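Examination of the molecular architecture
The chain contents come next:
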Amino acid sequence: MGLLPLSGGLRSGLPDMLRDLSWSGPVAHLEADFWGGDGEQTAVVWRGGVREWGPVHASEFRGPREEWPIKAALTRLGLAPAGPGVPDHRDLFVEVGLGQGRDEDDWHRAALKASGAADYDAWYASERAARASEERAAAERALSERLPGVPVALDGKEVIALLGIPPGRMVGAAIRHLQQLHLDHGPQSRETAESALRAWAAAQGAPSRAERTADSASPQDRSPGGI
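Report on the accompanying structure. (Residues numbered from 1 in each chain as written. Predicted model: local features only at pLDDT ≥ 70, side-chain atom pairs only at ≥ 80, totals over all residues. Heavy atoms only, no water.)

**Points about the pattern of salt bridges**
Taken as a whole, this structure holds seven salt bridges when the rule is applied. Among the salt bridges present, the one from R47 reaches E52, with a minimum N-O distance of 2.7 Å. The partner of E158 in a salt bridge is R190, with the nearest N and O atoms 3.1 Å apart. With E158 in helix α7 (residues 156-163) and R190 in helix α9 (residues 190-203), the pair connects residues that are 32 residues apart, well separated along the chain. When its relative accessible area of 29% is taken as the criterion, E158 is described as partly exposed. Since its relative accessible area comes to 38%, R190 is described here as partly exposed. What you see here is one network of salt bridges that share partners, running through D16, R19 and D20. (Salt bridge = Lys/Arg side-chain N within 4 Å of Asp/Glu carboxyl O. Helix = DSSP H or I, 4+ residues; strand = E, 2+ residues; numbered from the N terminus. Buried < 20%, exposed > 50% of the residue type's maximum accessible area, 1.4 Å probe, protein only.)

So, in structure tokens, the structure goes:
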């Protein structure tokens, strides 16, 4: 798939350009104009130098999504939905990435951002790596975010005091762990929660309070024969 935002100069000779491009493969000209949920779509498909389908225009979107102009044009280019499990509100418009830009300025900025890539494969690999990094970061943040409406036996200050850790993400992760225990096994007593939290902290590789105290002591303090 490739996307070519249309400048004013390209628009003036659009039919001829679409005809010429379509000799190398099917081409769709897509237009969408929406504001506040209301708008319109127009699409046309060219293949082999001939306008094969369209233009089809719609401003009412009450029928099946497969019949909406842009979705129908993308299907005629040979694209298929992701398959079972995709939410009902998803369609080819979103799946091919057309929802990433709100207007042509967005697409021009995306093109400038990608201009340093050696080729499409290099750009695509970079984009996939960036998305994977963002997804990992989001997953890590989620592990330390408190679940709304799920009670815990210890609050943040009590977790800090129990584990001897500073305020930060690990405190949130500890509370999230207690909340997961509540969801999996029901309400936890304070004693059970404290025991579970110590075991969890040890599994995370966090040093115990005694270990931190020993590490912070001076060599003379730790030596039985120190002077």
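**Re the pairing of strand β1 (residues 27-35)**
Direction of pairing for β1 relative to strand β2 (residues 38-47): antiparallel, over a ladder of nine bridges. Looking at the pairing, E31 lines up with T42 of β2. If you look at the hairpin formed by β1 and β2, you'll find two residues sitting between the two strands, and G36 has a positive phi there, around 65°. (Pairing = 2+ DSSP bridges.)

**Focus: the nonpolar core**
Grouped together as the largest cluster of nonpolar side chains are 15 residues, with contacts concentrated most on L154, V159, L163, A174, L178, L197 and W200. Looking at this core, the elements with two or more residues in it are α7, α8 (169-185) and α9. Element by element, the count of residues in this core is highest for α8, at six residues. Each residue touching L154, except ones within four places of it in the same chain, is listed here: V159, L162, L178, R190, E194 and L197. Ranked by size, the runner-up nonpolar core spans seven residues in total, among them L6, L18, V44 and W46. (Core = buried A, V, L, I, M, F, W, Y, C linked by side-chain atoms within 4.5 Å. Contact = heavy atoms within 4.5 Å.)

**Observations regarding the sheet that holds β2**
Across the sheet, three strands lie side by side as β1-β2-β3; this open sheet has antiparallel pairing. Unpaired on one side and paired on the other, β1 and β3 (50-58) mark the two borders of the sheet. Here the average twist between neighbouring strands, direction ignored, is 5°. Running over the sheet, helix α2 (residues 14-21) touches β1 and β2 and is turned about 135° from β1. Set on the sheet, helix α3 (residues 69-76) makes contact with β1, β2 and β3; between it and β2 the angle comes to about 20°. (Axes fitted to C-alpha atoms, helices over the stretch in contact; angles between N-to-C directions.)

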